[in-house]
Amino acid sequence: MSSCAPNDAQFRIQNPMAEFLRMERMPHIWCPGCGIGSVVTSMAEAIKNGGHDMDKIAVVSGIGCTGRVAGYVKFDSFHTTHGRAIPFATGLKLANPELKVIVFSGDGDLFSIGGNHFIHAARRNMDLLVICVNNFTYGMTGGQMTPTTPTTANASTTPYGNYEYPFSLPFLADAAGATYVARWTSLNARNITDSISEALNRKGFSFIEVITPCTTLYQRRNRLGDGIDAMQYYHDDADIQHGADTRTVDIGFQGKLKTGKFVDRQKPTYLDAVNTHYANVIGDDYQLYGKTPPEKQAEEEAKRAAAAAAEQADGLEAEYIDEPAECGGDDA
Amino acid sequence: MPARNTVAADPKGVDSGAHFMDGDHALAEGALAAGCRFFAGYPITPSTETAERFAERCPAVGGLFIQMEDEIASATALIGGAWGGQKVMTVTSGPGFSLMMETIGLAATTETPLVIADVQRGGPSTGLPTLTAQQDMMQARWGSHGDYRIIALVPDSPQECFDLAIEAFNLSEIYRVPVFIMTDETVGHMHEKVVIPEAEEIRVVERNWYQGPKGEYRPYRFTGRDVAPMVKAGDGHRFHITGLTHDERGYPALTAEQNDKVVRHLIEKIDSNAESIIRVEEDGIEGADVVVLSYGITSRIAIRAVQEARQAGLKVGVLRLITVWPFCEKKIRELAGKVKAIVVPEINYGQMVLEVERCAAGQCKVVSVNHCGGAVHDPEVILAAIQEAAK
Amino acid sequence: MFFGKLKKAHGKVIINPNWCKGCGYCVKYCPTDVLEMSKGYNAKGYHPPQVKAAADCRDCKFCELICPEFAIYVTSDKEEEQASASA
Ligand SMILES: Cc1ncc(C[n+]2csc(CCOP(=O)(O)OP(=O)(O)O)c2C)c(N)n1
Ligand code: SF4
Ligand code: SF4
Ligand code: SF4
Ligand SMILES: [Mg+2]
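Residues numbered from 1 in each chain as written. Chains lettered and ligands numbered in written order. Predicted model: local features only at pLDDT ≥ 70, side-chain atom pairs only at ≥ 80, totals over all residues. Heavy atoms only, no water.

Teacher, can you tell me more about the sheet that holds strand 13 (residues 280-283) of chain B here?
All names here are of chain B. Taking strand neighbours across the sheet as the criterion, the five strands line up as 13-15-14-17-18 in an open arrangement whose pairing is mixed. Taken across any chain shown, the strands that pair with only one partner, and hence form the sheet edges, are strand 13 and strand 18 (365-370). Along the sheet, successive strands turn relative to each other by an average axial angle of 20°, direction set aside. Where strand 14 (residues 290-295) meets strand 17 (residues 341-346), three bridges bridge the pair, whose relative direction is parallel. Bridging from a neighbouring strand, V290 pairs with A341 of strand 17. (Pairing = 2+ DSSP bridges. Helix = DSSP H or I, 4+ residues; strand = E, 2+ residues; numbered from the N terminus. Axes fitted to C-alpha atoms, helices over the stretch in contact; angles between N-to-C directions.)

Structure (structure tokens):
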């Protein structure tokens, strides 16, 4: 059996990503070897594996190369202003609590202009999954220094090397109150997928940092070679240390990269806290969007029962496989 | 714009009866009556009472209040909240209004209905935090970058804070546009009788929900007259919203032609419906030599001056703007041809007067009566201006 | 369970050379060396990968997961059999 190149139209339909991407917008704008696309695939894979209702997933991005993710994924998706993906996502989640809201954005967006929103959403344990593509630079605007650029690294605004001290994102997230914190490199596609799966199955503020090559700017400006060289660096210098103390996971220029799941703890989410608190102090008069706590509880119970029933039904049909798409293009 | 049906207000949010309350509290009551169930805010004098009132009232009304980390977050959470399906509001004052400006542009271009009240105080900068002003009138109109339109209303009493809050929500739904309530410290903190009608007497415009099949939803139509219906996240339409210049699907379309289409639509959907949006109050305009044009708290002060001038035998009319944006251009053009002068007192160094001058286009005198905030006008100063103008 | 029938998983790689930007990730990180970069250029001037050892594909889908361009995917043989059966 050899490879088979279907025509473009077929490829768009038959690609397993077709469910998750606005295929009519492909190919995307990202540079060769840019890691953002891989992380998007991991997210899609995690959503697929988790059997989540895709109509209830919303993706919110800020501005930047990574910010373009919202425009490519086939969910309810929002491309907002620079730095404001988290407050947007907060409004979205609180207005419609049944949504699973994923914030997908860049290091500059989330931690420079949006840094304040990040720490407050983490503090509140807002039920959001924040995925940060950390490429150590402002990609979209041409490779300037960000709050994660390692000291001594070259950026267009630190042409003689960076003299600032970067944030260590897992440490920041942990300190601010995030209840799930993980870091991977974009080479760890399976781990990223697993982490996103895990985060989607829990409640609370989850943060996943993915160290990712910006081939065109960061790699080139620092004479670090191309995407393959970045992957080689990740391969050689990343070390999985689950549960590592987040105070120890900072990143020096081309230094060791500690990866893994660092934090996983339980705490009521913002909305849980709101609901519990008001149910206590106001009692059955308390309601959110027209529903009192007993009504909401009944609703959730019914939803769980329906899900369990559906799972059973799924089990019965496990042998059934969808009519597969056929590959009928020319051989390359 | 096709006329939109109204429904009776949800009685849960309506605290019917006669109350004695200040303008800030009345704003919160108006929002609740209009069906607003999501409020994100950041404290700032002299607006905070609105947030406090909402926070106090919402648990039993079925709403949610969140105190955000700043005004940028508050305004942005509103856009998220609106696309999450709620009617949304925040309240602020000058410094916070400035912080919201970028987000207001996002709301304008994404055609997101939301309501922001600016309880104005003296500026610039931290200025006079506890004292009144009307210095954000042009900022309301032009504050965000790029070309767009918004609607802005100005209440002159606590009762009107309540009434205009409902109107603001209704307009924001009809035109899918940010609507501002440009009140001020004096009205915000002034206690007066506020009558909240029975729920069935309050007419509320519901969101125009898209009814068509999934997969075919288009968040925009660039007709310049009407707006597309809305959906909310979670209903399976898998729609996309961006602040980039976009096509009907909401997808980025980064060409000059498309930007022209979008921007012209944003402008024309308001301009072409201006006559049905604009509300003014007039008194004694027919046959007047001088008309005093004012808005908000200043119009209540101006009344004193007008009364005295009339007693002195001058023919003085009153034009009170309730809608400041869009501006009542047609009215001013007509008026300017008939009167000697239009006197414009406002608590700033000449903002709305620029519009009056533009529309009067030299047909009559336009007299600015300004000061930069901290108090309302002395009616004698307005009277003197009327007398001078009548000469 | 029919352990006797258990076969090694086997996949079929499908590449859209027009979307590929030639980063080489799929080639480098395929655990069984199924792919190689081709000598030819696509319309954008990149060298897309091609299959050099189809029989070795273990359907792990790592190439699919790591490709930043969504330009490569793998169908499992099971699906292929179904396809030919239904064709
Ligand atoms: C208010 C504002 N300031 C500045 C910009 C310009 N800007 C666009 S993207 C960007 C940086 C994005 O960097 P990052 O979040 O790291 O994303 P990347 O492009 O690296 O994926 C900046 C500064 C903007 N769009 N808005
Ligand atoms: S500039 Fe950098 S971050 Fe942006 S698409 Fe290119 S490689 Fe990716
Ligand atoms: S599926 Fe796995 S074995 Fe097959 S080509 Fe892709 S990476 Fe190689
Ligand atoms: S990973 Fe994708 S873009 Fe990179 S060489 Fe392979 S097919 Fe091309
Ligand atoms: Mg970046």
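I keep staring at the coordination of the magnesium ion (ligand 5) and nothing clicks. Help me out?
By definition of the ideal shapes, four donors in a tetrahedron about a metal sit 109.5 degrees apart, and six donors in an octahedron sit 90 or 180 degrees apart. All names here are of chain A. Around the magnesium ion (ligand 5), the protein contributes the donor atoms D107 (OD), N135 (OD1) and T137 (O), which lie 2.0 to 2.1 Å from the metal centre. Ordering the donors of the magnesium ion (ligand 5) by residue number gives the pattern D-x27-N-x1-T. Both residues of the pair, N135 and T137, belong to the buried class. (Donors = N, O, S within 2.8 Å, 3.2 Å for Na, K, Ca; no water. Buried < 20%, exposed > 50% of the residue type's maximum accessible area, 1.4 Å probe, protein only.)

Any chance you could explain the nonpolar core here in plain terms?
Within soluble globular proteins, side chains that are nonpolar tend to cluster in buried spots. Core analysis: the largest hydrophobic core is formed by 106 residues, its most contacted members being F78, L92 and F207 of chain A together with F38 and W83 of chain B. Leave out the neighbours within four places in its chain, and F207 of chain A touches F111, F118, V130, C132, L169, P170, A173, Y180, V181 and A182 of chain A. Among the nonpolar cores identified, the runner-up in size contains 57 residues, and I102 and V133 of chain A together with V13 and L35 of chain C belong to it. (Core = buried A, V, L, I, M, F, W, Y, C linked by side-chain atoms within 4.5 Å. Contact = heavy atoms within 4.5 Å.)

Where do I start with the site of ligand 1 in this structure?
Looking at ligand 1, there are 17 residues lining it, with C65, T66, D107, D109 and G139 of chain A nearest. Site remark: ligand 1 is flanked by residues from chains A and B. A distance of 2.9 Å separates an oxygen atom of ligand 1 from a polar atom in the backbone of T137 of chain A. A distance of 2.9 Å separates an oxygen atom of ligand 1 from a polar backbone atom of M140 of chain A. Isolated, ligand 1 exposes 590 Å² of accessible area, and the fraction of that covered by the protein chains is 77%. Broken down by element, the shell around ligand 1 gets its largest block of residues, four residues, from helix 5 (residues 107-113) of chain A. (Near = heavy atom within 4 Å. Polar contact = N/O pair within 3.5 Å; in protein donor to acceptor, adjacent residues only side chain to side chain. Areas by Shrake-Rupley, 256 points an atom, 1.4 Å probe, with all protein chains shown as cover.)

Function cannot be read off these values alone, since they describe shape.
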